[in-house]
Amino acid sequence: MKSEFLKILQERGFIHQGTDLEALDDKMAEGPITAYTGFDATAPSFHVGNLVQIMLLYWLQKCGHRPLVLLGGATTKIGDPSGKDESRKLLDDAEIDKNIISLSRIFERAVTFGTGPQDAVLLNNTHWIDTLNYPAFLRDFGHHFTVNRMLSFESVRLRLEREQPMTFLEFNYMILQAYDFLELYKRYGCLLEIGGSDQWGNIINGVELVRRVTHKTVYGLTTPLITTASGAKMGKSSKGAIWLNADLLPPFDFWQFWRNTDDADVGRFLRLFTNLPLDEIKRLEKLEGAEINEAKKILADAVTLFIHGPEAVQTARETAAKLFEVQGASLDEAALPTLLLSDAELEAGVSVTDLFHRLNLTGSKGEARRLIEGGGARLNDTPITDELLTLTLTSFNDDDMIKLSAGKKRHGLVKRG
């Protein structure tokens, strides 16, 4: 690769497919271009599975190009069928608008917004889709799409092969995403759409629509599906989705997720999710035994810094040291998942297995029982031996707080509320 951007992507493992990578490389080597990535507002937060695309926006701007961040206020109303076995839950306008406000904040650390030629621009496709005249839209653009071709795309084909119904509403999604690319080309001279591998068919439609309507060449690029060494999809854990918003997942839990990375994933995740120099990454991934833990801490620090800022890193480091390196030290309450119990609940008694599950320290009460049986459950650093243990008002210390631990690395607090 000749262009700095594609060279970085190639070296760090971001590239899965491209429409014409050689021509795109030439174009980006000639000078700055404008590129976009789209995100539907289906939730109030992104999870770490979205972090690949966010990192691409970071590298795009760092290499001198202009990133467009497109939030799908309109397309969220339809629901992208890609990678899904059933229709997405449809949200009302108020929920979508609330999600867009929440999602917008995450980009403030990744890119710089402004009016300069390389400054990022935050967009919402409601501005051009919500005002469309449907019969006129079909007349002007419908003849550029064939049902035969649309049925061949993986997002549609897999649903049909599994005999899962796909509504006509969802079938329209790929046309509207293609139209997004056309609008961004006309409005901003956008030449590149970037997305996950499940977006390949949608991106191809956009590239072809721009070519058919304007007779100009634009490009598409996809990233690979990121899985862990165990084969699990990136973004999930035994505790559920690893959200980027601090109000859905405490920064300490976010830091711990990266700190607990499998040894085999450390080098790959350092390349994808941090901006550390490659020479340093090569050094870190060669560490073995106990030394690899230092590389994991560096990974956790770097990703937490990128998403939550330096204070979150410092707090996470201090909390980890207190919990894992200094037995019995005081806790930073704000950094740990916390459950408030009313006096009424405690008077009735609450089972400790229920509390482990409610704190997301275990995936179920059954898992909590097995944890206790295996000797991995602790209450204020003391092993729990009775799976029928119930907490009441008399169980609390002077601080009205109890620490529950699942193994050595997962902790939560129960407080009287």
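For the structure, check the block above.
Residues numbered from 1 in each chain as written. Predicted model: local features only at pLDDT ≥ 70, side-chain atom pairs only at ≥ 80, totals over all residues. Heavy atoms only, no water.

In this model helix 11 (residues 200–214) runs 21 Å from its N-terminal to its C-terminal C-alpha over 15 residues, within 8% of the 21 Å that 1.5 Å per residue would give. If you check which residues of helix 11 are buried, you get Gly201, Asn202, Ile203, Ile204, Asn205, Gly206, Val207, Leu209, Val210 and Thr214. In the stretch just after helix 11, His215 is the one whose phi turns positive, near 65°. (Helix = DSSP H or I, 4+ residues; strand = E, 2+ residues; numbered from the N terminus. Expected span 1.5 Å × (residues − 1). Buried < 20%, exposed > 50% of the residue type's maximum accessible area, 1.4 Å probe, protein only.)

With respect to burial, strand 5 (residues 190–196) is a largely interior element, 7 of its 7 residues being buried. The pairing of strand 2 (residues 34–40) with strand 5 spans 3 bridges and is classified as parallel. Looking at the pairing, Tyr36 lines up with Glu193 of strand 5. In the sheet, strand 5 pairs with strand 6 (residues 219–223) via 5 bridges, with the strands oriented parallel. Following the sheet pairing, Leu192 is matched in strand 6 by Tyr219. (Pairing = 2+ DSSP bridges.)

With that settled, the discussion passes to the sheet that holds strand 15 (residues 410–416). Taken in spatial order, the 5 strands line up as 9-15-14-11-12 in an open sheet, and their pairing is mixed. Here the strands that pair on one side only, and so sit at the sheet edges, are strand 9 (338–341) and strand 12 (382–383).

Right, let's get into unusual backbone geometry. Backbone geometry places His215, a non-glycine residue, at a positive phi of 65°. If you trace the backbone, His215 turns up in the loop between helix 11 and strand 6. A residue is classified by how much of its surface remains accessible, and His215, at 69% relative accessible area, is exposed. Although it is not a glycine, Asn380 sits at a positive phi angle of roughly 50°. One can find Asn380 in the loop between strand 11 (377–379) and strand 12. The partly exposed category is assigned to Asn380, whose relative accessible area is 33%.

Turning to the sheet that holds strand 1 (residues 17–18), a few remarks are in order. If you walk across this open sheet you meet the 6 strands as 1-6-5-2-3-4, and the pairing is mixed. Looking at the sheet topology across the chains shown, the edges are occupied by strand 1 and strand 4 (121–124). The strands touched by helix 2 (residues 21–30) within the sheet are strand 1, strand 5 and strand 6, with strand 6 carrying the most contacts at an inclination of about 105°. (Contact = heavy atoms within 4.5 Å. Axes fitted to C-alpha atoms, helices over the stretch in contact; angles between N-to-C directions.)

The next thing to look at is the environment of Asn124. As for its position among the elements, Asn124 is in strand 4. For Asn124, a relative accessible area of 14% corresponds to the buried category. Remark: the alpha-carbon pair of Asn124 and Arg149, spanning 25 residues in sequence, is separated by 28 Å. Sequence-distant contacts of Asn124, that is, excluding residues within four places in its chain, are made with Leu70, Leu71, Gly72, Gly73, Ala74 and Ile100. Separated by 3.0 Å, the side chain of Asn124 and the backbone nitrogen of Thr126 make a polar contact. (Polar contact = N/O pair within 3.5 Å; in protein donor to acceptor, adjacent residues only side chain to side chain.)

The next point concerns the nonpolar core. Core analysis: the biggest nonpolar cluster contains 105 residues, and Phe5, Leu51, Ile54, Phe107, Trp258 and Phe273 have the highest contact counts within it. In terms of residue count, helix 10 (residues 173–188) provides more of this core than any other element does, 10 residues in total. Residues Leu339, Leu355, Leu361 and Leu404 belong to the second largest nonpolar core, which totals 21 residues. (Core = buried A, V, L, I, M, F, W, Y, C linked by side-chain atoms within 4.5 Å.)

This part covers the packing of helix 12 (residues 251–259) against helix 15 (residues 292–308). The interhelical angle for the contact between helix 12 and helix 15, taken along N-to-C directions, is 140°, at an axis separation of 8 Å. Comparing their axes, helix 15 and helix 12 come out oblique. Helix 12 and helix 15 meet at a crossing whose hand is right-handed. Facing Pro251, Phe254, Trp255, Trp258 and Arg259 of helix 12, the residues of helix 15 in contact are Asn293, Lys296, Lys297, Leu299, Ala300, Asp301, Val303, Thr304, Ile307 and His308. (Parallel < 35°, antiparallel > 145°, perpendicular 65-115°, else oblique. Left-handed = near helix turned anticlockwise from the far one by under 90°.)

In this section: the packing of aromatic side chains. Counted according to the given criterion, the structure contains 15 aromatic pairs. Here the aromatic rings of Tyr36 and Phe181 are separated by 5.6 Å at their centres, their planes lie at 65°, and the arrangement is edge-to-face. Residue Tyr36 is found in strand 2, and its partner Phe181 is found in helix 10; the two are separated by 145 residues along the sequence. Clustering of aromatic rings is evident, with ring pairs tying together Phe254, Phe257, Trp258, Phe269 and Phe273. (Phe/Tyr/Trp six-rings, centres within 6.5 Å; stacked < 30°, edge-to-face > 60°.)

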